[in-house]
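Single-letter residue listing:
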Amino acid sequence: MTMFAAGLIVIGENFNVTRKIKVTSPRVVREGGRIGIAYTGSGGGRKVLDCTDIVPADPAQQDGFMIPHIAQALRKRELEYIGSVIRAQEKAGAHIIDLCVDEISPYPEERQEWMRWSVKAVQEITGATLAVDSSDSGTIIAGLDAYDHRKSRPAINSFNLEEGREGLVDLARERDALLFVNASGREGMPQSAEERVRNLQQCMRMMDACNIAMADRYLDPLVFPIGTDSECGNHYLQAVKDLRAGYPDVHIFGGHSNVSFGLPRRAALNHAFTLLSIAAGCDAVMVDPVMNSPRPFEEFRYAADALTGKDEYTMKYLGYCRRGQD
Amino acid sequence: MTTEILSIIDPVTGGTREISGPSNQIAALRELIGLVERGDHNKVPTATEKALETGLSALEVLMNGLQAGLAVVGERFKRQKAFIPEVLMTARAMKAGMPVLKPLLTATQGKPQGVVVLGTVKGDLHDVGRGIVGTMMEGAGFQVHDVGVNVAPEVFIAKIKEVNADIIGMSALLSTTMMMQKATIQALRDAGMRDTVKVMSGGAPVTAAFAEEVGADGWAPDALTAVEAAKVLMGTDWNGKFVSGAALSRARAPAAAC
């Protein structure tokens, strides 16, 4: 099964129950005493995800309220809304769709149930690879159990050196899954570029031992917000450079939008950071592809590939342009 | 010398308060507040010394200068007019003045607002958010002992005993580790310490409802409200009722997910 042409791989991060929309967003509509989020259904018609039960009824209490819209769509089992979120990401250029339901419940069995349900629901909508994302191995296994391999190969998000994650490398091999690997250490988060590289090198050796194909390994050196430490961006970028020098053929990505957490005009920072990351050696990005580029993300991807020697004679870029600004 | 009036944000109540004094004292405080507000940690030590030279007491310089400067940016953050790095820079500037004042504060004046043990619960390695809470609590006059990440209940308990802590602040940044807060509170009960230490619960996925359900005394959505909630818990008139940080100030964007 072909995955995608060589070139920038976009991992859409929007299917995460932590996702929220401000109650003041123009997408939030009030009709007949009810409040909800307007969206376009699969047939093109206007639909509304009802959020009346979770938004405070008192307008004074609504100030600053954020609607957890993905969690709401799950609880209401509103497949049309989920479909609109998935389709918007694909339209914006996502190749892989990340699924994270961790915050829907503190109870493992409930998280696992939601992951199983989500994998099935989203596979009805798209044939794209889904990254089964959880900080709890049990939830990842639940997602893989529900996965229909005839539609696509799954991805595991993510393996690292933390306790309890050892089994995920074997699992990736058993389930023919792509493996996302992050730079978290056994005792704590990495504080420098060197620590990121060291942790990921150790993971690489573990994947070597399990014969995980190089093309199936996605290294994430971990992006932290520059709002709390000005050097976070440099630590990440340096780690990407060093990893790329050591492993020419592995995939390297990051949760790029994390860099701008807590700061205004996040799109500006995210965009610049994405460019810097690609220049440093990233060939994949995990972003909100709908919001995070001033250009359509697909166009950005063609441009980035042309600029980094992945598009001979800029043929793909020109092809994209000729297809009529689609 | 003429008497002047300066309007400051009271670091304890968060409300506006007027102070009056000789113009040179007011000018010195105004200068100090401005430097802290702008995060100029290089100039703060000298300005702190200068303020003392005008005859202000160390406590006045602390409350009406350094902490008042921090409060200006804190208030701005609450109204979403300031951002995390600005708050952190201000806290650094405020702390730069402390070595000058510390030796001059009397035992009572220098007594911390409270002694806090902070840590991220077992199984969770996230530390950024907790670090900010620690910085802001120190800025507000708490003595903070940060025990780091992946902290087992027995490690929390040992530290609480060692430093005779008033408050334990637990962070969990993963929905998969939130339950460890409940386990830690249970360990405090088992150790017979639940009534001698106040428990604060926080972290991106932790809601007020969850914190109350697992038996915490207080919860806050971000570092600044955590400070406010801690002050309420330390107050002599606290009645044992659950303190929700969001109810103290306006709801705002959720805390860091990292």
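In this convention, every chain numbers its residues from 1, walking through the sequence in written order. By the order in which they are written, chains take letters starting at A while ligands take numbers starting at 1. Where totals are concerned, whole chains, interfaces and linings use all residues; where local detail is concerned, this predicted model gives features only for residues with pLDDT of at least 70, and gives and counts side-chain atom pairs only at 80 or more. The basis for the side-chain values is all heavy atoms of the structure; hydrogens and waters are excluded.

### Observations regarding the overall build of chain B
Along chain B, the regular secondary structure elements total eleven helices and eight strands. The globule rule is 2.2 Å times the number of residues to the power 0.38, and the radius of gyration it is compared with is taken over C-alpha atoms. Against the 2.2 N^0.38 benchmark of 18 Å for 258 residues, chain B shows a C-alpha radius of gyration of 19 Å, consistent with a compact globule. Along the first, second and third principal axes, the C-alpha set of chain B runs to 60 × 35 × 35 Å. Sequence separation of at least 24 residues holds for 70% of the intrachain contacts in chain B that already meet a minimum separation of 6. Using a 1.4 Å probe, accessible areas were evaluated by the Shrake-Rupley method; residue-level cover was limited to the displayed protein chains. Surface exposure of chain B reaches about 11100 Å², of which carbon and sulfur atoms provide 53%. Here a strand is any run of E in DSSP of at least two residues, a helix any run of H or I of at least four, and the numbering for each starts at the N terminus. Residue contacts follow a heavy-atom distance rule, with two residues in contact if any of their heavy atoms lie within 4.5 Å.

### Some details on the overall build of chain A
Secondary structure summary: chain A contains eleven helices and 13 strands in total. In terms of overall size, chain A behaves like a compact globule, its C-alpha atoms giving a radius of gyration of 20 Å where 326 residues would be expected to give roughly 20 Å. Principal-axis analysis of the C-alpha atoms gives chain A an extent of 60 × 50 × 45 Å. Only protein chains enter the accessibility calculation, which uses a 1.4 Å probe; a residue whose area is less than 20% of its type maximum is buried, one above 50% is exposed, and one in between is partly exposed. Within the span of chain A, comprising 326 residues, buried residues form 55% of the whole. In the structure as shown, chain A presents an accessible area of about 14400 Å², 51% of it carried by carbon and sulfur atoms. Of the charged side chains in chain A, 37 are positive and 44 negative; the average position of the first set lies 5 Å away from that of the second. The positive count covers Lys and Arg only, the negative count covers Asp and Glu only, and His and the chain ends enter neither. Think of each charge as sitting on NZ of Lys, CZ of Arg, CG of Asp or CD of Glu.

### Focus: the sheet that holds strand β3 (residues 28–31) of chain A
Note: strands within a sheet are paired through backbone hydrogen bonds, in either parallel or antiparallel orientation. Residues and elements named next belong to chain A. The antiparallel open sheet is built from three strands, whose spatial order is β3-β4-β5. Of all the strands in the sheet, the pair left with one neighbour each is β3 and β5 (46–50). For this sheet, the mean inter-axis angle between neighbouring strands, taken without regard to orientation, is 45°. To get an axis, a line is fitted to the C-alpha atoms, and for a helix only the part in contact is used. The angle between two axes follows their N-to-C directions and goes from 0 to 180 degrees. Set on the sheet, helix α3 (residues 79–91) makes contact with β4 (34–40) and β5; between it and β4 the angle comes to about 45°. Between any two strands, pairing holds if DSSP finds at least two bridges.

### A closer look at the sheet that holds strand β12 (residues 251–252) of chain A
All names here are of chain A. Taken in spatial order, the eight strands make up an open sheet running β12-β11-β10-β9-β8-β7-β1-β13, and their pairing is parallel. Both outer strands of the open sheet, β12 and β13 (284–287), are each paired with one neighbouring strand and no more. With two bridges joining them, strand β11 (residues 217–220) and β12 adopt parallel strand pairing. Residue Tyr218 lies in a different strand from β12, and its bridge partner there is His251. In the packing of α3 onto the sheet, contacts are made with β1 (9–16) and β7 (96–100), and the angle to β1 comes to roughly 160°.

### Describing unusual backbone geometry
All names here are of chain A. Residue Ser158 is reached from Asn157 by a cis peptide bond, and omega for that bond is 5°. Inspection of the secondary structure assignment puts Ser158 in strand β9 (residues 155–159). Phi is positive for Asp176, close to 50°, though the residue is something other than glycine. Turning to its location among the elements, Asp176 is positioned in the loop between α6 (167–174) and β10 (178–182). Notably, Asn211 is not glycine yet its phi reads approximately 55°, a positive angle.

### Description of the interface of chain A and chain B
In this assembly, 29 residues from chain A lie in contact with 26 residues from chain B. Values labelled buried area give the accessible surface lost by two parts on being combined, using a 1.4 Å probe and summing over both. Across the interface of chain A and chain B, roughly 2100 Å² is buried in total on both sides, 64% from carbon and sulfur atoms. Any pair of nitrogen or oxygen atoms within 3.5 Å is treated as a polar contact; in protein, a donor-acceptor pairing is required on top of that, and neighbouring residues in sequence qualify only through side-chain atoms on both sides. Summed over the shared surface of chain A and chain B, the result is three residue pairs in polar contact (both at pLDDT 80 or more). When residues are sorted by character, Ala, Val, Leu, Ile, Met, Phe, Trp, Tyr, Cys and Pro go into the nonpolar class, Asp, Glu, Lys and Arg into the charged class, and all the rest, Gly among them, into the polar class. Residue classes in the side of chain A that touches chain B are distributed as nine nonpolar, eleven polar and nine charged.

### Thoughts on the side chain of Thr120 of chain B
Looking at where Thr120 of chain B falls in the secondary structure, it is placed in strand β3 (residues 115–120). Once residues within four sequence positions are removed from consideration, Thr120 of chain B is found in contact with His126, Asp127, Arg130, Gly148, Val149, Asn150, Val151, Phe156 and Ser171 of chain B.

### Re the pairing of β3 of chain A
Residues and elements named next belong to chain A. Across four bridges, β3 lies against β4 in antiparallel orientation. Paired with Val29 across the strands is Gly36, a residue of β4. From the end of β3 to the start of β4, which pair antiparallel, there are two residues, and Gly32 there has a positive phi angle of about 55°.

### Examining the domain arrangement of chain B
Many structure descriptions define interface size as the accessible area lost when the parts assemble. Residues and elements named next belong to chain B. What marks off one domain from the next here is an automatic or database domain assignment. Domain annotation of chain B identifies domain 1 (3–108) and domain 2 (112–244). Distance between the C-alpha centres of domain 1 and domain 2: 27 Å. Between domain 1 and domain 2, the residue contacts involve 13 residues of the former and twelve residues of the latter. Surface buried jointly by domain 1 and domain 2 totals about 980 Å² across both partners, of which 68% is contributed by carbon and sulfur atoms. Ranking the residues of domain 1 by area buried against domain 2 places Lys78, Leu88 and Lys95 at the top, with a combined share of 36%. For this analysis, a salt bridge means a side-chain nitrogen from Lys or Arg found within 4 Å of a carboxyl oxygen belonging to Asp or Glu. The tally of links from domain 1 across to domain 2 stands at two salt bridges. Residue Glu138 is joined to Lys95 by a salt bridge in which the shortest nitrogen-to-oxygen separation is 2.7 Å.

### Digging into the nonpolar core
Residues belong to a common nonpolar core when they are buried Ala, Val, Leu, Ile, Met, Phe, Trp, Tyr or Cys residues joined through side-chain atoms within 4.5 Å. By size, the foremost hydrophobic cluster in this structure holds 83 residues, and its most contacted members are Phe15, Ile156 and Leu219 of chain A. If sequence neighbours within four positions are ignored, Ile156 of chain A has contacts with Val132, Ile140, Leu144, Leu168, Leu171, Ala172, Ala177, Leu178, Leu179 and Phe180 of chain A. Core analysis: the second largest hydrophobic core is formed by 60 residues, Ala68, Ile84, Val144 and Val243 of chain B among them.

### Concerning helix α4 (residues 84–96) of chain B
An ideal rise of 1.5 Å per residue puts 18 Å on 13 residues; α4 of chain B measures up with 19 Å between its terminal C-alpha atoms. Among the residues of α4 of chain B, those classed as buried are Ile84, Val87, Leu88, Thr90, Ala91, Ala93, Met94 and Ala96 of chain B. Take the number of residues in a helix, subtract one, and multiply by 1.5 Å to get its expected span.

### Details of the packing of helix α4 (residues 108–125) of chain A against helix α5 (residues 137–146) of chain A
Residue and element names in this part refer to chain A. Direction vectors running N to C along α4 and α5 enclose 35°, while the axes themselves pass 8 Å from each other. When you trace α4 past α5, the crossing you get is right-handed. Together, Arg111, Gln112, Met115, Arg116, Val119, Lys120 and Gln123 of α4 and Gly138, Thr139, Ala142, Gly143 and Ala146 of α5 make up the contact between the two elements. In the contact of α4 with α5, the residues fall into four nonpolar, five polar and three charged. If you view the pair so one helix is near and one far, a crossing is left-handed when the near helix is turned anticlockwise from the far one by less than a right angle, and right-handed when it is turned clockwise.

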